[in-house]
Amino acid sequence: MSPVKKLCKPFKALLANPMYAQSIVSPPYDVPTRQEAKALAMNNPHSFLHITRSEINLDDGVKDNDERVYAQSKIQFEKAIQTKLLLHEQTLGVYPYQIAKGTFTQTGIIALFSLEAYRMGRIAKHELIKPDKEKDRAIQLNTLQAQPSPVLLTVPTDKAFNRLLNSCVAKPLSLEVVDSEGYFHRLWKITDSDLVQTICLQIESCNQLFIADGHHRTSAANNISEHHSPIHNDRFDYFLAGLFPAEEMIIQEYNRGILPNLGISAEQLLASLQSVVALTACEKPKFINPGHCAVCILNRWYIFSFNQSDNKNPVDSLDVSKLSQQILSPLFGISDLRKDTRIEFIGGKSFDLIEAKVRNAELLAGFALHPTPIHSMIEVSRAGELMPPKSTWFTPKLLDGLLVHCY
């Protein structure tokens, strides 16, 4: 029997050249739409979106999963290496990563994490993946022979881990960039073998880690690992991720919109809602209280509360679950959020966006929810349960392009 892999380990990163890092980094590949990605990268040949969203370099008629997209991604990736936009590190290391803005700081560590631990549940997931999205990322990883986008992991409060992170970020900074929302993203390199070992051992002492954001990336990396020969010096057995303390992380709401192809009018939808919940007209909300939901329909906002129950299941207690169980499924037959083409997910504080989409008839109605608390996410993961798709929107997000794991 092969030995159990270490939970995490250092690696020789492909690192953004500090001279060009600000123009290289980009939002995570799955945040902007194709047109948004194209606009962001239009006048910036250094943008990492040319690699992670390489369809922007092709005609608009080319589908996102066309084989030419993956070929273009490889061309752009190799070009970035050849032109020294991305630099190969020569020493094994781990990378403290801090996101800061005003009084907010979120400090973690970028390293490689065990896919065996993921398969065993020691790195726990909380949602199912969409097979087409997982396949897309797996093809790209296999084409590049690299993992270009880090997964976001979290762990409950660990004072020793926090102290260790704070000591790391007291060292000289390697690079710093600012994202479009004004967050500073700072990276340090730790290559001292004793300190690297101390960090990895501290992480090893954690009973369980939790995927916060990046289920498709993790599943894609696992797909690559399972389809390679077991004799490959374990280079496919780890995935790139950043581990951050749970108490420092921010979850915003992940809202739902009903598309116009529902087969009923907005007036009929409103009447259906009024038959099961008490709607109270309100101004555009700024925040939704737990146990409540706001809906924008016919260019007006209403607020209502969910029915409460004694069910102690951690999944059923989530507001995103209550919306599905009490409204979307019984009233409109929307039961499989992973496959139903009548539902749209809108991440972050999106009241303005929901209102605009309803006004422009892009949505029949938009539902705004209270954010899922991170302790609820961890509780669901620990129980081995799964939350509804798109239940958490973590912000700020790790940037693409700062560092890459090459197989």
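As the structure is a prediction and not an experimental result, all values here were calculated from the model. (Residues numbered from 1 in each chain as written. Predicted model: local features only at pLDDT ≥ 70, side-chain atom pairs only at ≥ 80, totals over all residues. Heavy atoms only, no water.)

## Observations concerning the pairing of strand β10 (residues 184-187)
- The alternating pattern of β10 places His185 and Leu187 on a buried face, while none of Phe184 and Arg186, on the opposite face, is buried.
- Bridging between strand β9 (residues 175-178) and β10 involves 4 bridges; their strand directions are antiparallel. Bridging from a neighbouring strand, Glu176 pairs with Arg186 of β10. (Buried < 20%, exposed > 50% of the residue type's maximum accessible area, 1.4 Å probe, protein only. Helix = DSSP H or I, 4+ residues; strand = E, 2+ residues; numbered from the N terminus. Pairing = 2+ DSSP bridges.)

## Some points on the pairing of strand β4 (residues 95-101)
- With 6 of 7 residues buried, β4 is to be regarded as a mostly interior element.
- Sheet analysis places β4 next to strand β5 (residues 104-114), joined by 7 bridges and oriented antiparallel. Looking at β5, one finds that Gln98 is bridged to Thr107.
- Linkage of β4 to β5, two consecutive antiparallel strands, is achieved through a turn of 2 residues, within which Gly102 is found at a positive phi near 60°.
- As defined by bridge partners, β4 adjoins β10 across 4 bridges and the pair is classed as antiparallel. Counted as the bridge partner of Ile99 is His185 from β10.

## Some points on the nonpolar core
- Judged by nonpolar contacts, the single largest core of 78 residues is most densely connected at Tyr97, Ile258, Leu269, Phe304, Ile327, Leu328 and Phe367.
- It is helix α11 (residues 319-332) that contributes the most residues to this core, 5 residues altogether.
- In terms of nonpolar packing, the next biggest core, distinct from the first, is built from 36 residues, Leu115, Ala138, Leu153 and Val155 among them. (Core = buried A, V, L, I, M, F, W, Y, C linked by side-chain atoms within 4.5 Å.)

## Side note on the packing of helix α4 (residues 67-82) against helix α6 (residues 131-144)
- Where α4 contacts α6, the two axes come as close as 9 Å, and the packing angle between them is 40°. In terms of orientation, α4 and α6 fall into the oblique class. With respect to the hand of their crossing, α4 and α6 are arranged in right-handed fashion. Contacts between α4 and α6 pair Tyr70, Ser73, Lys74 and Phe77 from the former with Asp136, Ile139, Gln140, Thr143 and Leu144 from the latter.
- The residue inventory of the contact of α4 with α6, partitioned by class, reads 4 nonpolar, 3 polar and 2 charged. (Axes fitted to C-alpha atoms, helices over the stretch in contact; angles between N-to-C directions. Parallel < 35°, antiparallel > 145°, perpendicular 65-115°, else oblique. Left-handed = near helix turned anticlockwise from the far one by under 90°. Contact = heavy atoms within 4.5 Å. Nonpolar A, V, L, I, M, F, W, Y, C, P; charged D, E, K, R; others polar.)

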